[in-house]
Amino acid sequence: MKLDKNDVLRALENITVPGEGKNMVESGAVKNVQIFGDEVEVDITIKNPSLQARKKTEVEILKVIHREVYEKAKIKVNIKVDVPERPKTNEIKGKPIPGIQNIIAVASGKGGVGKSTVTANLAVTLAKMGFKVGLLDADIYGPSMPIMFDVAHEKPLAVNIDGKSKMKPVESYGVKLLSIGFFTQPNQAVIWRGPMASKALNQMIFDAHWGEIDFMLLDLPPGTGDIHLSIMQAMPVTGAVIVSTPQEVALADARKGVAMFKQDSINVPVLGIVENMAYFTPEELPNNKYYIFGKEGAKNLAEDLKVPFLGEIPLVQSIREAGDVGRPAALQTATTIEEAFEALTKNVVQEVVDRNENLPPTEAIKITTMAGCSAVKKK
Ligand SMILES: Nc1ncnc2c1ncn2[C@@H]1O[C@H](COP(=O)(O)OP(=O)(O)OP(=O)(O)O)[C@@H](O)[C@H]1O
């Protein structure tokens, strides 16, 4: 018997693909029907990859054609599975942490570019602006926050919260702080294996009593390794800030840092790049700028990678000194350093706001307005 293609299509209009509302012709799932005498070949694309869905689709097509068109038709069904790609931007991973609204990971490809210094100053500037700030020093290779916040001799206390013993972060300059450095001896070299470090970090995140936090800053170890992956998978990181100097070797590593956050398995939005040690200004010649590590390297990198440029911080002796004495330089009021960190912090907050505005409302609560923060004006 010679079959008619239209009869086959009409028959297929009676059935749907599992999980899809419209009939399989109307939904566009049926891609092609070919007839060769009493043979019918149906090409169909479905979104559900399960074996069960494929089998069910095939059986239903066979049954409906045999019933409605020709009971002895020889039927071949070619099923292609096309799983719709999940939207990649603004994805939040990890379990949300009650009370913590935004988690910003601060990273650098290369070590020693001032990642911890920038993180500490961002933290105190956010606190000055009126935000509730937490800082988690996850730099397992060289935790420097206890020194930078002058709390190296303190230890987090245990508090009882709803019958559970929780770690209470140490507080300094309005910033709640936990560091992997609180749990190691200053002179002891600790060799952290990946899973051990992740466990310690998980405890500092989930077994600590952080309370209400607007911005939790995460000082990551330098580089792009295993530990970064574990942290990103364990925590709902809002976005990442990359710190680099303008120097070529640092930029090459910063590029890798950006690539790490953008890769599919991590997929954390990059809030932008900070250029640290952008130029040197001697105190006695405040108008002179010396571009020791090159000029605008990180700014150009940001343009190149199409990520925001968040700001530049000069190389200033007092920034280093302030770090060493344990009082972040941005606390020095009415200085160009304070100004530089304020400009940087406003840009970071703005990027977080922009990023959160693009999130569906069902996501965990995020800061979507800077109202109430007089220090920050919306662009
Ligand atoms: N803008 C700056 N001006 C002057 N000194 C700075 C500046 N930024 C950082 N430093 C100094 O550079 C040194 C390295 O900085 P920091 O420890 O913050 O770097 P890092 O990138 O966090 O290093 P690590 O590899 O340990 O993660 C410190 O002595 C710090 O005080």
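Residues numbered from 1 in each chain as written. Predicted model: local features only at pLDDT ≥ 70, side-chain atom pairs only at ≥ 80, totals over all residues. Heavy atoms only, no water.

1. Considerations on the nonpolar core
Thinking step 1. With 90 residues, the main nonpolar core has F149, L218, I231, M232, M235, F261 and L344 as its most contacted residues.
Thinking step 2. With eight residues, the single largest contributor to this core is helix α10 (residues 336-357).
Thinking step 3. Other than its neighbours up to four places away in sequence, L344 contacts V118, L122, V274, L310, G311 and I313. (Core = buried A, V, L, I, M, F, W, Y, C linked by side-chain atoms within 4.5 Å. Buried < 20%, exposed > 50% of the residue type's maximum accessible area, 1.4 Å probe, protein only. Helix = DSSP H or I, 4+ residues; strand = E, 2+ residues; numbered from the N terminus. Contact = heavy atoms within 4.5 Å.)

2. A closer look at the site of the ligand
Thinking step 1. Around the ligand, a shell composed of 18 residues is seen, among which G112, K115, S116, T117 and P314 lie nearest.
Thinking step 2. At a separation of 3.0 Å, an oxygen atom of the ligand approaches a polar side-chain atom of D139.
Thinking step 3. Here the ligand, which alone exposes 630 Å², has 80% of that area covered by the protein.
Thinking step 4. Sorting the residues of the shell around the ligand by element identifies α3 (115-128), β12 (270-280), β13 (309-315) and α9 (317-325) as the ones contributing at least two each.
Thinking step 5. Of the residues in the shell around the ligand, the class split is nine nonpolar, six polar and three charged. (Near = heavy atom within 4 Å. Polar contact = N/O pair within 3.5 Å; in protein donor to acceptor, adjacent residues only side chain to side chain. Areas by Shrake-Rupley, 256 points an atom, 1.4 Å probe, with all protein chains shown as cover. Nonpolar A, V, L, I, M, F, W, Y, C, P; charged D, E, K, R; others polar.)

3. Re the sheet that holds strand β3 (residues 74-81)
Thinking step 1. Strand order across the open sheet formed by three strands is β1-β2-β3, with mixed pairing between neighbours. The open sheet terminates on both sides in strands that have one partner only, identified here as β1 (30-36) and β3. Going from strand to strand, the sheet's axes swing by 10 degrees on average, the running direction of each strand aside.
Thinking step 2. One ladder, built from six bridges, connects β1 with strand β2 (residues 39-46); its direction is antiparallel. Its bridge partner being in β2, N32 is matched across the sheet by D43.
Thinking step 3. The sheet contacts of helix α1 (residues 5-12) involve β1 and β2, and relative to β1 the element is tilted by about 140 degrees. (Pairing = 2+ DSSP bridges. Axes fitted to C-alpha atoms, helices over the stretch in contact; angles between N-to-C directions.)

4. Structural notes on α1
Thinking step 1. All of the buried residues in α1 are V8, A11 and L12. Looking down the long axis of α1, one finds its buried residues gathered within 100 degrees of arc, a one-sided arrangement.
Thinking step 2. Structurally, α1 contributes buried residues whose contacts are with β1, β2 and α2 (51-68).
Thinking step 3. Structurally, the start of α1 carries an N-cap: the backbone nitrogen of N6 is 3.1 Å from a side-chain oxygen of D4. (Arc of directions from axis to C-beta.)

5. Describing the packing of helix α7 (residues 248-262) against helix α8 (residues 297-305)
Thinking step 1. α8 packs onto α7 with a crossing angle of 35 degrees between their chain directions and a minimal axis gap of 11 Å. Between α7 and α8 lies a crossing of right-handed hand. Along its contact with α7, which presents L251, A254, R255, V258 and K262, the element α8 presents G297, A298, L301, D304 and L305.
Thinking step 2. In the contact of α7 with α8, the residues fall into six nonpolar, one polar and three charged. (Left-handed = near helix turned anticlockwise from the far one by under 90°.)

6. Some remarks on the confidence of the model for the chain
Thinking step 1. On average, the chain scores 86 in pLDDT, and the residues at 70 or more come to 90%.
Thinking step 2. pLDDT under 50 marks residues 359-367. Its contacts with residues more than four places away, or in other chains, come to 16 contacts. (pLDDT = per-residue confidence, 0-100.)

7. Concerning the packing of aromatic side chains
Thinking step 1. For the structure on display, the rule yields four aromatic pairs.
Thinking step 2. Look at F149 and Y173: their rings are 6.1 Å apart centre to centre, the planes differ by 45 degrees, and that puts the pair in the tilted class. Here F149, found in the loop between α4 (145-148) and β6 (157-161), pairs with Y173, found in the loop between β8 (170-172) and β9 (175-179); they are 24 residues apart in sequence, far enough to count as distant.
Thinking step 3. Judged by relative accessible area, F149 falls into the buried class, the value being 1%.
Thinking step 4. Measuring from ring centre to ring centre gives 5.9 Å for Y279 and Y291, while their planes differ by 65 degrees; the resulting arrangement is edge-to-face. Residue Y279 is located in strand β12, and its partner Y291 is located in the loop between β12 and α8; the two are separated by twelve residues in the primary sequence.
Thinking step 5. Overall, the relative accessible area of 34% leaves Y291 in the partly exposed class. (Phe/Tyr/Trp six-rings, centres within 6.5 Å; stacked < 30°, edge-to-face > 60°.)

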